[in-house]
Amino acid sequence: MIRLDGITKRFGTAAQPSVDDLHIEMTEGTTTALIGPSGCGKTTTLRMINRMVEPTQGRIFLEDQDVTGLDPVVLRRRIGYVIQQVGLFPHQTVAENIATVPRLLGWSRARTDARIDELLALVGLEPARFRATMPQRLSGGQRQRVGVARALAGDPPVMLMDEPFGAIDPIARERLQDEFKDILRRVRKTVVMVTHDLDEAIKMGDRIAIMRDGRLVQYGTPDEILGAPVDGFVQAFVGPDRALKRLGLRTVEALIRPDVVAGADEVATSTSMRDALARLIGSGARVLNVRGENGEALGHVTRDAILDGSGPSR
Ligand SMILES: Nc1ncnc2c1ncn2[C@@H]1O[C@H](COP(=O)(O)OP(=O)(O)OP(=O)(O)O)[C@@H](O)[C@H]1O
Ligand SMILES: [Mg+2]
């Protein structure tokens, strides 16, 4: 659990605080996506959590410990940090970069080497090929993978990630997002991920925190944010297709009615409402049959039921 208790950061004599009285509680084992316009205070917020920036006011708790009372070096062993623009050490190999925290933790050579290979494989880089490579010989996407591997190395319970997939083309980006989601299914972590990309926030975040001018505007699940934006700013931020995005979060499972409709197309029960709607619009049909995981017929869904489900949540 990470709790931000009224944290405020004012740099120097600036008139406006960069982060202004932020209260958020992030549950252990969940991912929070921090999103908002450039300069709204996202990076500053992350940097306060691991004490690279000291808050002007307020307190930050990790579990029940006030982090302001902790030695920053000890603290950072518990927190993996992926910096905006990657920031690999340019004069160290990929393996040496990943070994940063294991070295600090005093791990043996054998344990460190095994960990390096395990992490390279985990982020989809073949160990034998990449271990000894220098960062400047890597593509942007490969660098970001190494950045993620380095942050995971000491197996920290908390990960702070500042636009970790920012500098990658959309296809590699999607693959990396999927891989990271998969990693989080296997190793439970509390993650705070800054992003500029709403679709990434929806995909990766159990919760989304929307910031503007240093303040928290809305904090909730993707469904809550898309279904009930608190004000015009959030509404504009999530865009006119929020109803459609919201359909992407749900599967047809909740809408199944008994009986199979003769002659209708079929979808799996894990199909998103959005994909099902696209199928219906594409074919001009009003009904799709639904099959379960083992291919058994479960019933059907109608276009109207999907469209009804896209209204604002209460
Ligand atoms: N070290 C610093 N000294 C003075 N002002 C700073 C410092 N770091 C950040 N700021 C200011 O604080 C505000 C928030 O900056 P921050 O880097 O947190 O924004 P951000 O939300 O991460 O933006 P971006 O999306 O562009 O990365 C900005 O106005 C920035 O100019
Ligand atoms: Mg930033």
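Since this is a predicted model, take the numbers as computed values, not measurements. (Residues numbered from 1 in each chain as written. Chains lettered and ligands numbered in written order. Predicted model: local features only at pLDDT ≥ 70, side-chain atom pairs only at ≥ 80, totals over all residues.)

Draft legend 1. Molecular detail of the domain arrangement of the protein. Domain annotation for the protein reports domain 1 (2-239) and domain 2 (246-308). Each of domain 1 and domain 2 has a C-alpha centre, and the two are 36 Å apart. (Domains from an automatic or database assignment.)

Draft legend 2. Structural view of the site of ligand 1. Every residue lining ligand 1 is accounted for by F11, S18, S38, G39, C40, G41, K42, T43, T44 and Q84. In terms of residue class, the shell around ligand 1 is built from 2 nonpolar, 7 polar and 1 charged. (Near = placed C-beta within 6 Å. Nonpolar A, V, L, I, M, F, W, Y, C, P; charged D, E, K, R; others polar.)

Draft legend 3. Structural context of the sheet that holds strand β3 (residues 31-35). Pairing in this open sheet of 6 strands is mixed, and the strands run β6-β7-β8-β3-β9-β10 from one edge to the other. The strands lining the two open edges of the sheet, one partner per strand, are β6 (79-82) and β10 (215-220). Taken over all neighbouring pairs, the strand axes of this sheet differ in orientation by 15° on average, direction set aside. The pairing of β6 with strand β7 (residues 158-162) spans 4 bridges and is classified as parallel. (Pairing = 2+ DSSP bridges. Helix = DSSP H or I, 4+ residues; strand = E, 2+ residues; numbered from the N terminus. Axes fitted to C-alpha atoms, helices over the stretch in contact; angles between N-to-C directions.)

Draft legend 4. Structural context of the environment of A151. Its location among the elements puts A151 in helix α7 (residues 140-152). Of the residues examined, A151 has 22 C-beta atoms within 10 Å and is grouped as buried. As a C-alpha pair, A151 and I98 span 53 residues in sequence and 7.7 Å in three-dimensional space. Once you skip the residues sitting within four places of it in the chain, A151 turns out to touch G80, Y81, V82 and M159. (Buried ≥ 20, exposed ≤ 12 C-beta atoms within 10 Å, placed from the backbone. Contact = placed C-beta atoms within 7 Å.)

Draft legend 5. Highlighting the environment of L120. Looking at the secondary structure, you find L120 in helix α5 (residues 109-122). Taking C-alpha positions, L120 is 32 Å from S272, a pair spaced 152 residues apart along the chain.

Draft legend 6. Broad picture of the pairing of strand β4 (residues 57-62). The pairing of strand β1 (residues 2-9) with β4 spans 5 bridges and is classified as antiparallel. Bridge assignment links D5 to a residue of β4, and that residue is R59. Two elements, β4 and strand β5 (residues 65-66), share 2 bridges in a ladder whose sense is antiparallel. Counted as the bridge partner of F61 is D66 from β5.

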